[in-house]
Amino acid sequence: MKPNTQQLQDLVTQVRRDVLRMVHAVNSGHPGGSLGCAEYFVALYQVIMNRKESFDMNGKNEDIFFLSNGHISPVFYSVLARSGYFPISELATFRKIDSRLQGHPTTHSHLPGIRMASGSLGQGLSVALGAAQAKKLNNDTNLVYVLMGDGELQEGQNWEALMYAAANKVDNVIATVDLNGKQIDGPTDVVLNMGNLQAKFEAFGWDVLSIEKGNDLEAVINGLQEAKQRTGNQKPVMILLHTEMGNGVDFMMNTHAWHGKAPNNEQLESALNQNVSTLSDY
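Description of the structure in this document. Nothing here was measured: the structure is a model prediction, and the numbers come from that model. Starting afresh in each chain, residues are numbered from 1 along the sequence in its written order. Reporting in this predicted model follows two pLDDT cut-offs: at least 70 for local features of residues, and 80 or more for side-chain atom pairs to be given and counted; totals over whole chains, interfaces and linings ignore these cut-offs and use all residues. Each side-chain value is worked out from all heavy atoms of the structure, with water and hydrogens disregarded.

1. Points about the side chain of Lys135
Consideration 1: Working definition: helices are DSSP H or I runs of at least four residues, strands are E runs of at least two. Numbering for both runs from the N terminus. Among the secondary structure elements, Lys135 is positioned in helix α5 (residues 124–137).
Consideration 2: Any two residues having at least one pair of non-hydrogen atoms within 4.5 Å are treated as being in contact. Setting aside residues up to four positions removed in sequence, Lys135 forms contacts with Gly59, Lys60, Asn61, Glu62, Ile64, Asp140, Asn142, Leu143, Val144 and Asn172.

Dropping the structure here:
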C-alpha cells in the first residue's frame, strides 16, 4: 500500500533530520544538496518507482536508479534505509572507517540499493543509458532513472551522453537535473554559465519538462508521473527540477556555503528544531 500524503511529508522531514545528524556526527559531508533533494528521493522511492522488496544488482524486471552527483549520498542513504534496503541504525556509521556508507556511494561494500560508484562527477547519465539499453535487449519494460547536479553539467561527458541518447532513441530513461543554481565555488551562472538548459536539451533531441516547485512534494510526484507518461515515444525524457539548496533549514538556504560543510552543535540544534522528528531518529 502506498503511503498517504501526510506519511510522505513526515518521511521528508525525517530524512532531513537524518541528513543533518549524519554530517554533524562526523563533521563531514554535503548537507546542502541533500536537503534540497529530499522530496525528489521520497517521491521516487515511495511512490514512483516499480521496485522489488529485495535487492539484486541486475535490477531486472524493476525500475532502477543511479545517483550521478554522489556527494549528496546522505539523502540517498537515508531514503534507502527508510525504504527497507538496509537497517536504519546503519545510518549512524556514515563516513566512518570500514562503513558501507562512504562519503560517495561505492559498490565494493555491496550496500543494497547502490548500483554504481559515483565519486567522479559526469558519469551517471552514461551508466543509466547503458542500463536502459540493456533493459530493451532483455525485453524488460521497466524504466531507468538518474539524478545529476546542475554544476555537474559542466562535465563534457554529459553532453556526449545527451547526444547518444537521442540518436539511439533511448526512450526508457528519465534523467533529472537538480537545478539549485549553486555549486561548491558559488552560483553556477557565475562559475560557468550554462545558459538556457531547456533549449539546449531540446536541441539535443530530448523531451524536456520542468518541475518549478522542486521542494513541493505534490508537485514533484505529479512531475515524475508526467515524465513516466512521456516515455516510450522515441525520445529520452529530461526533468528540470528547481530546488533550493539547504531547503528546510533557514540559515542553509540562499547560499552555496553549505554545499559541503557540516553544522556545529548549535547550528545542528537550530536546524533540527526546524525539522521536528516525525518517525524517530536512528
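So, next bit.
2. So, the pattern of salt bridges
Close approach of charged atoms lets side chains of opposite charge pair.
Consideration 1: We count a salt bridge whenever a side-chain nitrogen from Lys or Arg sits within 4 Å of a carboxyl oxygen from Asp or Glu. For the coordinates displayed, the defined rule picks out 11 salt bridges.
Consideration 2: Close ionic contact of Arg16 with Glu39 constitutes a salt bridge, the shortest N to O distance being 2.9 Å. Pair noted here: Arg16 is in helix α1 (residues 5–26) and Glu39 is in helix α3 (residues 38–48), with a separation of 23 residues, a long-range link.
Consideration 3: Exposure categories follow from relative accessible area, calculated using a 1.4 Å probe and restricted to protein chains: below 20% of the type maximum is buried, above 50% is exposed, and the middle band is partly exposed. Owing to a relative accessible area of 2%, Glu39 belongs among the buried residues under this scheme.
Consideration 4: Taking the shortest distance from any N to any O, the salt bridge between Arg82 and Asp18 comes out at 2.6 Å. Pair noted here: Arg82 is in helix α4 (residues 73–82) and Asp18 is in helix α1, with a separation of 64 residues, a long-range link.
Consideration 5: Exposure remark for Arg82: the relative accessible area of 14% places this residue in the buried category.
Consideration 6: Residue classification places Asp18 among the buried residues on the basis of a relative accessible area of 0%.
Consideration 7: Taken together, the salt bridges that share partners define one network made up of Asp207, Glu226 and Arg230.

3. Digging into the layout of surface pockets
Rolled over the atoms, a probe as big as a water molecule pinpoints where empty space is left.
Consideration 1: Residues are said to line a cavity or pocket when one of their atoms sits within 4 Å of a point; the points come from a 1 Å grid over protein atoms alone, cavities being sets where a 1.4 Å probe fits but cannot get out and pockets being open sets with protein on both sides within 12 Å along at least five of seven lines. Grid points are joined across faces, edges and corners, and a volume is the space filled by probe spheres set on the points. Estimates place the volume of the largest pocket at around 260 Å³.
Consideration 2: Around the largest pocket, the lining is made up of 19 residues, and of these His71, Leu121, Glu152, Gln183 and His259 lie nearest the centre.
Consideration 3: By the convention adopted, Pro, Cys, Tyr, Trp, Phe, Met, Ile, Leu, Val and Ala count as nonpolar, Lys, Arg, Asp and Glu as charged, and the other residues, Gly among them, as polar. Of the residues assigned to the lining of the largest pocket, the class counts are 4 nonpolar, 10 polar and 5 charged.

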